[in-house]
Amino acid sequence: MKIDHSLPLEYSTKQNGLNIFGFWVFLAAEIMLFATLFTSYFTLEHRVGNGPGGAGIFEMTPVLIETLVLLTSSFTIGLGIHAMRIGRKKAMLTFFVITLLLGLVFLGFEIDEFITYIHEGATLQTSAFTAILMTTLGTHGAHVTFGLFWGASILIQIKKWGLTPEAANKSFIFSLYWHFLDVVWIFIFSFIYLKGMM
């Protein structure tokens, strides 16, 4: 395996470059998935039946905390990748751990939010609105959960085998995934929560 030292570690082999390109293609498919969910949401958001609407169940404080936590995790993953590029393995691992802990906090708030909605009568079966709301939020939450396991497995690999070109490649691809989840959340925050509270 030929390593090009003139490139960042995550791009340093031909395979690494192909892996990153392939992941961008995967993200394009993910964009289509969330675009479909958002389109469905905008179609069904006023079909509340006898159930509550967004204004009745959305609460600004927990949503703002979730948003702040996830955006902070996007910043820490960026710091982790920067540390990786300058060969600071310990700093990189620290920033990755902070990122995953913030992801866990976000998930805790999201689970609590789901429990609150269910207590308020907003379940998958209540109305078209609550069904698409739960589906959209649940899909994003499932992606965050997967990301936590993925990030943890990368940490274990780096701890075990060091900062190799392969580990750097996986870490960078993971950071792209995490940033993508943050961008999706900004759309959820803006077009589901804020719009729903108006």
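Here goes a summary of the coordinates provided. (Residues numbered from 1 in each chain as written. Predicted model: local features only at pLDDT ≥ 70, side-chain atom pairs only at ≥ 80, totals over all residues. Heavy atoms only, no water.)

Scanning the protein from N- to C-terminus turns up 6 helices and 0 strands. Walking the protein from its N terminus toward its C terminus, one meets helices and strands in the order α-α-α-α-α-α. The buried share among the 198 residues of the protein stands at 44%. If you take every contact in the protein between residues at least 6 apart in sequence, the share linking residues at least 24 apart comes to 80%. (Helix = DSSP H or I, 4+ residues; strand = E, 2+ residues; numbered from the N terminus. Buried < 20%, exposed > 50% of the residue type's maximum accessible area, 1.4 Å probe, protein only. Contact = heavy atoms within 4.5 Å.)

Across its 26 residues, helix α3 (residues 60-85) extends 38 Å between first and last C-alpha, which sits within 8% of the 38 Å expected from 1.5 Å per residue. The first or second residue beyond α3 is Gly 87, which carries a positive phi of 75 degrees. (Expected span 1.5 Å × (residues − 1).)

All right, on to the nonpolar core then. The tendency in soluble globular proteins is for nonpolar side chains to be buried as a group. Membership of the largest hydrophobic core comes to 52 residues, with the highest contact counts inside it found for Phe 58, Tyr 117 and Leu 133. Listed by contribution, the elements that provide at least two residues to this core are α1 (14-44), α3, α4 (89-119), α5 (128-161) and α6 (165-197). For this core, the element with the highest residue contribution is α6, accounting for 16 residues. Those residues in contact with Tyr 117, other than ones at most four positions away along the chain, are Ile 57, Phe 58, Ala 122, Leu 133, Met 134, Leu 137 and Tyr 193. (Core = buried A, V, L, I, M, F, W, Y, C linked by side-chain atoms within 4.5 Å.)

Another point: the pattern of salt bridges. On inspection of all chains with the given rule, the structure shows 1 salt bridge. In this structure, Glu 45 and Lys 195 form a salt bridge, with 2.6 Å as the shortest nitrogen-oxygen distance. Remark: Lys 195 occurs in helix α6 and Glu 45 occurs in the loop between α1 and α2 (54-57); sequence separation between them is 150 residues. Judged by relative accessible area, Glu 45 falls into the buried class, the value being 11%. (Salt bridge = Lys/Arg side-chain N within 4 Å of Asp/Glu carboxyl O.)

A word on the side chain of Asp 182. Relative to the assigned elements, Asp 182 resides in helix α6. Contact partners of Asp 182, with chain neighbours within four places excluded, come to Leu 70, Ser 73 and Ser 74.

Evaluated as defined, the whole model comprises 20 aromatic pairs. Counting every residue linked through ring pairs, the aromatic cluster contains Phe 38, Tyr 41, Phe 42, Phe 58, Phe 106, Tyr 117, Phe 129, Trp 185, Phe 187, Phe 191 and Tyr 193. (Phe/Tyr/Trp six-rings, centres within 6.5 Å; stacked < 30°, edge-to-face > 60°.)

Turning to the packing of α1 against α5, a few remarks are in order. In a packed pair of helices, the relevant descriptors are the angle between the two axes and the axis-to-axis distance. Where α1 meets α5, the axes come as close as 7 Å, and the angle between the chain directions of the two elements is 155 degrees. Classified by the interaxial angle, the pair formed by α1 and α5 is roughly antiparallel. Between α1 and α5 the crossing geometry is left-handed. Each of Phe 23, Glu 30, Leu 33, Phe 34, Leu 37, Ser 40, Tyr 41 and Leu 44 in α1 lies in contact with α5, whose residues at this interface are Ala 128, Phe 129, Ile 132, Leu 133, Thr 135, Thr 136, Thr 139, His 140, His 143 and Trp 150. (Axes fitted to C-alpha atoms, helices over the stretch in contact; angles between N-to-C directions. Parallel < 35°, antiparallel > 145°, perpendicular 65-115°, else oblique. Left-handed = near helix turned anticlockwise from the far one by under 90°.)

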